[in-house]
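An overview of the molecular structure
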Amino acid sequence: MKKIKVGISIGDLNGIGPEVALKTFEDSRMLDFCTPVFFASNKTISFLTSHFGISMKFHGIPEASDALEGKINVVNVWKDSPDIQFGKPSKTAGNYAIKSLQAAVKALKKGSIDILVTAPINKKTVQGAEFTFPGHTDYLAQELEGKSLMFMVTDTLKIGLLTDHVPVGEAPSLITRELIFEKVKAMEDSLIRDFGITKPKIAVLGINPHSGDDGVIGKEDDTVLRPALKKLSEANHLVYGPYAADTFFASDNYLNFDAVLAAYHDQGLIPFKTLAFGKGVNFTAGLSRVRTSPDHGTAFDIAGENKANPDSFKEALFMGIQIFRKRSEHHNLTRNPLKKQRLRRVGKGEDR
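So, here is what we can say about the structure in this document. All residue numbers here refer to positions counted from 1 along the written sequence of the relevant chain. Local features are withheld for residues below a pLDDT of 70 in this predicted model, meaning they are given only at 70 or higher, and side-chain atom pairs are given and counted only at 80 or more; totals for whole chains, interfaces and linings count all residues. Side-chain descriptors were evaluated using all non-hydrogen atoms of the structure, hydrogens and water having been removed beforehand.

A regular strand carries its side chains on alternate faces of the sheet. Residues of strand 8 (residues 202–205) alternate between two faces, with Ile202 and Val204 on one and Ala203 and Leu205 on the opposite face, all of them buried. Being paired, for any two strands, means DSSP has found at least two bridges between them. Put simply, DSSP H or I for four residues or longer makes a helix, DSSP E for two residues or longer makes a strand, and each gets a number counted from the N terminus. Note that strand 8 and strand 9 (residues 239–243) share three bridges and pair parallel. Looking at strand 9, one finds that alanine 203 is bridged to tyrosine 240. By convention a crossover is right-handed if, when the strands point away from the viewer, the path from the first strand over the helix to the second runs clockwise. Note on the crossover from strand 8 through helix 7 (residues 220–234) to strand 9: the handedness is right-handed. Whether a residue is buried, partly exposed or exposed follows from its accessible area with a 1.4 Å probe, protein chains only, as a fraction of its type maximum: under 20%, in between, or over 50%, in that order.

Quick look at the structure:
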């Protein structure tokens, strides 16, 4: 099979993102699975590999389309040498993170890379005239066609969010019937197209404690969530809930579903990271291209100390490759359904 070209945005240079990304390819066997393309510069990668004692040869290229199989490729996005100060949030590091991300997304849109794996950024230091988004997900939703869904996934646990990087006090007012329909559709489509689940079964968590306790603790579950889920169920979607979030994971009820849709960020990510931290992947579902990321942030407290574990970045890489292949397979099977149906009949001895 063709090797997938994996674009890697370098993330915050002062955090652990560059370390876990480079450590992932310290094992040369990784080149059997994909062709990596880092978006940074030769000088920056040289400094980082030297600092962390990583033995690695890389191939500098002007464009991602020039990437060579069997090589660790580095697109020279900048020529200068950034001042890297591990563990310290800085506007300078934020600017380079965005330069890397923008170059990688441009290559992704052109088809010069097949998937994108993003190293963590610091949401405060990246803010500026060219980047006014609360994170990767919102930026990618603008740049790539589709309706995005923040989807935290492992092989056995998948949690999506109705609302993601918004203040918790604003989340209930943002949850409308239209948003519920949009996110359920994005989750269903992804489970079918990206994970090969034919008829996905989805659980939805309540907005308020105990899903509102019949209106005693908030009205949103009764006035917005339940009517939306009822309408989806009547349209033959396997969508159930709302479930009280405090007992849903403790009782292992999540094992009865293909995915869970949480109302807001921490409601979904606290159980996900408790159950799967270091093995989880942040996948932006619903878009025209595949993007994954590790399930951790910049971890400034250990940055530069050669302590960061690359396991989650590796999981993000392998999950991205798996999703790309599954999506391609789904496209090939569904792009001409009439032809496929006829081939099945011929195989049974009909239409000869």
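Locating threonine 49 in the fold gives a position in helix 2 (residues 42–52). Residue contacts are counted whenever heavy atoms from the two residues lie within 4.5 Å of one another. Not counting the four nearest positions on each side in its chain, threonine 49 is found in contact with Leu22, Ile54 and Met56. Each polar contact in these results corresponds to two N or O atoms within 3.5 Å; when the atoms are within protein, one needs to be able to donate a hydrogen and the other to accept it, and residues that are neighboring in sequence are counted only if both atoms are side-chain atoms. Separated by 3.1 Å, the side chain of threonine 49 and the backbone oxygen of serine 46 make a polar contact.

Okay, the sheet that holds strand 9 next. Ordered in space as 3-4-2-1-5-12-11-6-7-10-8-9, the 12 strands form an open sheet in which the pairing is mixed. Both outer strands of the open sheet, strand 3 (59–61) and strand 9, are each paired with one neighbouring strand and no more. Averaged over neighbouring strand pairs, the angle between their axes works out to 25° when direction is ignored. Here three bridges tie strand 3 to strand 4 (residues 73–76), and the two strands are oriented parallel to one another. Looking at the pairing, isoleucine 61 lines up with valine 75 of strand 4. Interaxial angles span 0 to 180 degrees and are taken between N-to-C directions of axes, which are lines fitted to C-alpha atoms, for helices over the stretch in contact.

For the rest of this paragraph, the subject is the environment of aspartate 80. Looking at where aspartate 80 falls in the secondary structure, it is placed in the loop between strand 4 and helix 3 (91–110). Each C-alpha atom of the pair aspartate 80 and asparagine 42 lies 9.9 Å from the other, and the pair is 38 residues apart in sequence. Setting aside residues no more than four positions away along its own chain, aspartate 80 makes contact with Ser41 and Tyr96. Within polar-contact distance, the side chain of aspartate 80 engages the side chain of tyrosine 96 at 2.2 Å.

Once that is clear, we can look at the packing of aromatic side chains. The rule is short: rings of Phe, Tyr and Trp, with Trp giving its six-membered ring, pair when the centres are within 6.5 Å, and they are stacked under 30 degrees, edge-to-face over 60, tilted in between. Under the counting rule described, the total for this entry stands at 16 aromatic pairs. Here the aromatic rings of tryptophan 78 and tyrosine 96 are separated by 4.8 Å at their centres, their planes lie at 70°, and the arrangement is edge-to-face. Of the two residues, tryptophan 78 is situated in the loop between strand 4 and helix 3 and tyrosine 96 in helix 3; the sequence distance between them amounts to 18 residues. Judged by its relative accessible area of 4%, tryptophan 78 falls in the buried class. Both rings, one in phenylalanine 248 and one in phenylalanine 257, keep their centres 6.0 Å apart while their planes meet at 35°; by these two values the pair is tilted.

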